[in-house]
There are 2 protein chains.
Amino acid sequence: MSDASTPSPKRSTYRHGDLRNALLDAGIALARQGGPDAVVLREATRQAGVVPNAAYRHFASREDLLLAVRAYALSQVAHAMEAELDRLDPSMDALCYARGSVRAIGTGYLRYAHAEPGLFKTAFSSHEQVESDHDPAKAGASGMNPFQLLSMALDRLAAAGGLPPERRLGAEYLAWSAVHGLALLVSEGPLHHLPEPLRQALGQRLLDMVEKGL
Amino acid sequence: MSDASTPSPKRSTYRHGDLRNALLDAGIALARQGGPDAVVLREATRQAGVVPNAAYRHFASREDLLLAVRAYALSQVAHAMEAELDRLDPSMDALCYARGSVRAIGTGYLRYAHAEPGLFKTAFSSHEQVESDHDPAKAGASGMNPFQLLSMALDRLAAAGGLPPERRLGAEYLAWSAVHGLALLVSEGPLHHLPEPLRQALGQRLLDMVEKGL
DNA sequence: TAGCTTATGTGTACCGTGTACACATTGGTG
DNA sequence: CACCAATGTGTACACGGTACACATAAGCTA
């Protein structure tokens, strides 16, 4: 979290040293508890111990800072997905593995939505260009964003014969839609405080539905 | 839209007559184009031709106004659902009719999300108590909110044998989740500008998925 | 009908947020 | 060592939500 943690109200150096990261860290912390609306530029600068306008040397606007936070959140979602993918047994036959991949993607998504509701909401508020830009270097470990990971899993499924070619087109939107809805309910909604096993079960049923229905 | 439309900067009467509704109308208009964040108290009072603080005689806070707008939006969603339900042929056998009901609910939801993205987002931002309060009089024509309509359709489906009893519990969340995700993509996201037939097709595929997977 | 009460709109004021613009400070480079 | 570019500061403004005191009108009551 860089050196933004130094609680000194006025640092002595004038030069901060790493303000951009300090602001980003603060923004992430704000988003974590409170979602995108909680990412307040002035509050971030306060936490970093600088004057509000200092932020403008590193971000063009509040929106720009929020975008950086979103990029971080997206990469975290991707990480969560990859963590589930890593639990798969690679020795399975191709079809099972492909199905498991799609499930893992969904499970990671749902897990993250529940574990980090604020960041999750931040990642997907304003669904604009979820798949586009933000330089590839800082995405997930594999360099892919969540949407790309899903696409890949679906490609694998199609290749293994688990998804008829005529249904491949648009399949990411179907799968994403279905899981995203539940993720929202789980992250900010009525289902967040559901007992763990029940939530888990709902997730599994939903993934069953996707698997059968794709 | 009441008499809020009179463009006179200062009305002559001092008493507005129906300020509460004028503010509500303005709030609805704002939400329609811009979603919940666009519901700005001061702007609503401007459109109504009164001073900002006048709003506080009718709404406890901005949040309170937003709540009223949300209630309206929810009732509109319910209407859209009922409109689809009305298109069903009542002479079908019970199972078909029940399945058609569930589909109709989903179709109405998706239609509304596309037709009125701003109000749709307003209706379901902050998923808190979607099913609770807001006096029954001003809900849909049947007096039911979207969630209740879905519940009813699922009850019908279960009664007709189209949904095993052990799967009835939580079924509304599964169905809602799946459709809600697509509705979001369609209302604010990458899928809003999809050509009509494609969007329609995606919706149908999703509803197929729900039907099979419930 | 005069006067009181209450509902409803007005004025003024304060704080928080985003952001523009000019100025200060400092590390690095010729 | 002088200068420059990068980066932080100060001041200032517009906008939004909202509290508090005040004005005005609509009705009721005497």
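Before any of the text, the structure's been laid out above.
Residues numbered from 1 in each chain as written. Chains lettered and ligands numbered in written order. Predicted model: local features only at pLDDT ≥ 70, side-chain atom pairs only at ≥ 80, totals over all residues. Heavy atoms only, no water.

Q: Hey, could you go over the packing of helix 3 (residues 62-86) of chain A against helix 4 (residues 94-115) of chain A for me, with residue numbers and the actual values?
A: Residues and elements named next belong to chain A. Running from N to C, helix 3 and helix 4 point in directions that differ by 135 degrees, and their axes come no closer than 7 Å. Here helix 4 runs oblique to helix 3, going by the angle between their axes. As for how helix 3 packs across helix 4, the hand of that crossing is right-handed. Between helix 3, through Ala73, Gln76, Val77, Ala80, Met81, Glu84 and Leu85, and helix 4, the contact on the second element is made entirely by Ser101, Ala104, Ile105, Thr107, Gly108, Tyr109, Arg111 and Tyr112. Its residues assigned to classes, the contact of helix 3 with helix 4 comprises nine nonpolar, four polar and two charged. (Axes fitted to C-alpha atoms, helices over the stretch in contact; angles between N-to-C directions. Helix = DSSP H or I, 4+ residues; strand = E, 2+ residues; numbered from the N terminus. Parallel < 35°, antiparallel > 145°, perpendicular 65-115°, else oblique. Left-handed = near helix turned anticlockwise from the far one by under 90°. Contact = heavy atoms within 4.5 Å. Nonpolar A, V, L, I, M, F, W, Y, C, P; charged D, E, K, R; others polar.)

Q: For the interface of chain B and chain A, give the residues involved together with the corresponding values.
A: Contact with chain B, which involves 30 residues of that partner, is made by 30 residues of chain A. Here chain B is connected to chain A by zero salt bridges. Counting every contact that joins chain B to chain A gives six residue pairs in polar contact (both at pLDDT 80 or more). Going through the elements one at a time, helix 7 (171-188) and helix 8 (196-213) of chain B are the ones with two or more residues in the side of chain B that touches chain A. When residues in the side of chain B that touches chain A are grouped by element, the largest group, 12 residues, is from helix 7 of chain B. Along the lines of polarity and charge, the residues of the side of chain B that touches chain A split into 17 nonpolar, eight polar and five charged. (Salt bridge = Lys/Arg side-chain N within 4 Å of Asp/Glu carboxyl O. Polar contact = N/O pair within 3.5 Å; in protein donor to acceptor, adjacent residues only side chain to side chain.)

Q: Could you give an account of the protein's contact with DNA strand C, with specific residues and numbers?
A: In the vicinity of DNA strand C there are 22 residues, among which A:Arg42, A:Asn53, B:Arg15, B:Asn53 and B:Arg57 approach most closely. Atoms of DNA strand C within 4 Å of the protein: sugar and phosphate make up 45%, bases the balance. Between a base nitrogen of DNA strand C and a side-chain N or O atom of A:Tyr14, the distance comes to 3.0 Å. Here a base nitrogen of DNA strand C and a side-chain polar atom of B:Arg15 are 2.6 Å apart. If you tally residues by element for the surface near DNA strand C, the top one is helix 2 (residues 41-48) of chain A, at three residues. (Near = heavy atom within 4 Å.)

Q: Tell me about the pattern of salt bridges, and name the residues and values.
A: On inspection of all chains with the given rule, the structure shows 20 salt bridges over all chains. Among the salt bridges present, the one from A:Glu172 reaches A:Arg168, with a minimum N-O distance of 2.7 Å. Residue classification places A:Glu172 among the buried positions, given a relative accessible area of 11%. In this structure A:Arg168 comes out as buried when scored by relative accessible area, which is 15%. Between B:Glu188 and B:Lys121 there is a salt bridge, with its nearest N and O atoms 3.3 Å apart. In this pair, B:Glu188 sits in helix 7 while B:Lys121 sits in helix 5 (residues 117-124), placing the two residues 67 residues apart along the sequence. (Buried < 20%, exposed > 50% of the residue type's maximum accessible area, 1.4 Å probe, protein only.)

Q: Mind laying out helix 1 (residues 19-32) of chain B, listing which residues take part and the relevant values?
A: Residues and elements named next belong to chain B. Across its 14 residues, helix 1 extends 20 Å between first and last C-alpha, which sits within 8% of the 20 Å expected from 1.5 Å per residue. Burial within helix 1 is extensive, with 10 of its 14 residues counted as buried. Those residues of helix 1 not exposed but buried are Leu19, Ala22, Leu23, Leu24, Asp25, Ala26, Gly27, Ile28, Leu30 and Ala31. In this structure, the buried residues of helix 1 make contact with helix 2 (41-48), helix 3 (62-86) and helix 5. At the C-terminal side of helix 1, glycine 34 shows a positive phi close to 135 degrees. (Expected span 1.5 Å × (residues − 1).)

Q: Tell me about the relation of the copies chain B and chain A, residues and numbers included.
A: By a simple turn and slide, chain B fits onto chain A: the slide is 0.0 Å along the axis, the RMSD is 0.0 Å, and the turn is 180 degrees. Such a turn and shift between the copies fits a two-fold axis. The overlap is high: 100% of the interface residues of chain B also sit at the interface in chain A, so the same surface is used on both sides. (Least-squares fit on C-alpha atoms with pLDDT ≥ 70 in both.)

Q: Lay out the packing of helix 6 (residues 146-159) of chain A against helix 7 (residues 171-188) of chain A with the relevant residues and their values.
A: Residues and elements named next belong to chain A. Look at helix 6 against helix 7: their axes get within 10 Å of each other, and the N-to-C directions meet at 120 degrees. The angle between the axes of helix 6 and helix 7 places the two elements in the oblique class. Relative to helix 7, the crossing made by helix 6 is right-handed. For the pair helix 6 and helix 7, contact is made by Phe147, Leu150, Ser151 and Leu154 and by Ala171, Glu172, Tyr173, Ala175 and Trp176, respectively. Grouping the amino acids of the contact of helix 6 with helix 7 by side-chain chemistry returns seven nonpolar, one polar and one charged.

Q: I'd like a description of the side chain of B:Thr107, backed by residues and values.
A: When you line up the elements, B:Thr107 lands in helix 4 (residues 94-115). Judged by its relative accessible area of 13%, B:Thr107 is buried.

Q: Quick one: what's the story with the environment of B:Leu214, residue by residue and with numbers?
A: Structurally, B:Leu214 is set in the segment after helix 8. Residues B:Leu214 and B:Leu163, spaced 51 residues apart in sequence, show a C-alpha to C-alpha distance of 7.2 Å. Residues in contact with B:Leu214, not counting those within four places in the same chain, are A:Arg205, A:Met209, B:Leu154, B:Leu163, B:Arg167, B:Ala171, B:Leu174 and B:Ala175.

Q: I'd like to hear about the protein's contact with DNA strand D, residue by residue, with values.
A: Neighbouring DNA strand D are 22 residues; A:Asn53, A:Arg57, A:His58, B:Arg42 and B:Asn53 lie closest to it. When atoms of DNA strand D within 4 Å of the protein are split into backbone and base, the sugar-phosphate part holds 46%. Taking A:Tyr14, its side chain carries an N or O atom lying 3.0 Å from a base nitrogen of DNA strand D. Within the backbone of B:Arg62, an N or O atom sits 2.9 Å from a phosphate oxygen of DNA strand D. For the surface near DNA strand D, the element with the most residues is helix 2 of chain B, which contributes three residues. Grouping the amino acids of the surface near DNA strand D by side-chain chemistry returns nine nonpolar, five polar and eight charged.

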